[in-house]
Amino acid sequence: MAASVSDSEDNISCPICCEVFTSPVTLKCSHSFCGQCLQQYWSLQELLLCPVCRKQCVQDEPTMSLAFSSLCHNFKTRKSVREDWCREHEEKLKLFCFEDKQPICVVCYTSKKHKNHNCAPIVEAVEELKAEVKSGVSSMLQNLQILNKSKADYQILADTIKDERQSVEKMLRQEFDSLHQFFREEEEARLAALREEELKKYKKATKKIEKLSYEISNLSMTLKVINQEMEMDEITFLQNYANGLYSPSKNFLPDPNVISGIDAAKHLRILNINLRSKMCELLHDSPKSVTLDPNTASNRLVVSEDLSSVYYVEQKLDVDDNLERMLLGVLGSHGFMSGLRCWDVEVGDNDNWTIGMVKQSVERKKLLKMEPSSGLWSIRLVNGKYRVGAKHRKELKLPEKPCVVRVQLHYEKGTISFSDPSKGLALFTFTDTFEEALFPYFNTASTVCPLNIS
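Rules and cut-offs
Residues numbered from 1 in each chain as written. Predicted model: local features only at pLDDT ≥ 70, side-chain atom pairs only at ≥ 80, totals over all residues. Heavy atoms only, no water. Core = buried A, V, L, I, M, F, W, Y, C linked by side-chain atoms within 4.5 Å. Buried < 20%, exposed > 50% of the residue type's maximum accessible area, 1.4 Å probe, protein only. Contact = heavy atoms within 4.5 Å. Phe/Tyr/Trp six-rings, centres within 6.5 Å; stacked < 30°, edge-to-face > 60°. Helix = DSSP H or I, 4+ residues; strand = E, 2+ residues; numbered from the N terminus. Pairing = 2+ DSSP bridges. Axes fitted to C-alpha atoms, helices over the stretch in contact; angles between N-to-C directions. Salt bridge = Lys/Arg side-chain N within 4 Å of Asp/Glu carboxyl O.

Draft legend 1. Geometry of the nonpolar core. Counting 36 residues, the largest nonpolar core has Trp353, Ile416, Phe418 and Phe442 as its most contacted members. Sequence-distant contacts of isoleucine 416, defined by excluding residues within four places in its chain, comprise Met357, Trp377, Val407, Gln408, Leu409, Phe428, Thr429, Phe430, Phe434 and Leu438. Val25, Leu38, Cys50 and Phe68 belong to the second-largest nonpolar core, a separate cluster that totals 18 residues.

Draft legend 2. Highlighting the packing of aromatic side chains. Using the criterion set out here, one finds 9 aromatic pairs in the structure. Consider the rings of tyrosine 411 and phenylalanine 434, whose centres lie 5.6 Å apart with planes at 50°: the pair is tilted. Of the two residues, tyrosine 411 is situated in the loop between β15 (404-410) and β16 (415-420) and phenylalanine 434 in the loop between β17 (425-431) and β18 (438-444); the sequence distance between them amounts to 23 residues. Take tyrosine 411: its relative accessible area is 9%, and that puts it in the buried class.

Draft legend 3. The arrangement of the sheet that holds strand β6 (residues 119-121) in detail. Strand order in the open sheet formed by 3 strands is β5-β4-β6, and the pairing between neighbours is antiparallel. At either end of the open sheet lies a strand with only one pairing partner, and these are β5 (102-104) and β6. Sheet twist, expressed as the mean angle between neighbouring strand axes with direction ignored, is 35°. Pairing analysis gives 3 bridges linking strand β4 (residues 95-97) to β5, with the strands arranged antiparallel. Note on β5: the bridge partner recorded for phenylalanine 96 is proline 103. Set on the sheet, helix α5 (residues 122-229) makes contact with β4, β5 and β6; between it and β6 the angle comes to about 105°.

Draft legend 4. Spotlight on the pattern of salt bridges. According to the stated counting rule, one finds 12 salt bridges in the structure shown. Ionic pairing is found between glutamate 169 and arginine 165, a salt bridge with its closest N-O pair at 2.6 Å. Of this pair, glutamate 169 and arginine 165 both sit in helix α5, 4 residues apart, roughly one helical turn. For glutamate 169, a relative accessible area of 29% translates into the label partly exposed. For lysine 365, the salt bridge is made with aspartate 321, and the minimal N-O distance between the two is 2.8 Å. Placement of the pair is lysine 365 in the loop between β11 (353-359) and β12 (376-382) and aspartate 321 in the loop between β8 (309-312) and β9 (330-331), with a sequence separation of 44 residues. Relative accessible area serves as the criterion here: at 52%, aspartate 321 is assigned to the exposed category. Linked through salt bridges whose partners overlap, the residues forming this network are Arg165, Glu169 and Arg173.

Structure below.
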């Protein structure tokens, strides 16, 4: 039966698309095609030929057979109706084989082909498989939410990267403008000093030239007179000689005050010293190089343009919740994994602050415990009391309120120390083992004054 259905379908299939005819048309050569298939085929040909026998045709030659069209339509209808019948046994499909993943009839179920297979009525199988699909859909929806969240986070990150680039570009331009201005001023200063030396030495040289020109003129005149008088009679020559008129003039000795040329070495040396000094000023890696990273600042902290101060505001700021941003506080721009580092924080009259260091891997979106186990080493001032960020909340008894707190990290030694540099007073020292980068940490909840890195 399946073979006869297949044969029948072949007899009413379009030679172009190989599907059952849709709106069939027939040419004079008796070959039939789907109307749209034939027109599309002819649109690609220079001559209108039959796609099968290659006989030449004309544009109005295809004719539609209503009876043939109806036959094709009825065949498609019968085929769709019989989709739920077993082509092999001509029985209705009532069971589903889970192992072969296909609907089967009762005869299939009793055959050797599906012997001992796990089968169930189609209704039950559909219900079970839909539940399985729904579970998968639920998992896919969760994955979709995760992907959308991740996409949104990366979009925020992409926007933040763009903003960061613009901000850093602005600062770079300012730094290079300052550097260019320094070079222009230094150039003018060096050229002015060079011109001043030239002017002084040129004046001295011209005075020497004038004096020598006068001496040369006098000596030349004397030589001329002597030469003339030596041509006179002998008695006159002897009288003049006796009177000392022909005595040689004084010897001209070399001038001890020799004028040197331009001291090129001095000018270039001063230029080199000034340039090195400026480069050291710009690139010196000292405690003053600790700056704040505004991308890590929580939504109630504002970082100054020079990245050295942090202010608290009572109204939450509308900022991107990027991956770097802290729930509370702000971090330094650079982390440290070696060496001895030190910087001062001006707290002044600020009455609510926290200062210290955090691990790079600290959970930035969570409220940190004030203790090293959470990756934070700090001291703080809250409600008029100074406390160490340790597990048992140790209180510090200070003789005076510090205006400046110095933070010192000795990475290899494993210490983070706090002190009052103005009094030379040690406040507290943490001792630990560090295995990753540590970042300076700052936080304030006071509107009295900001925290300043000095």
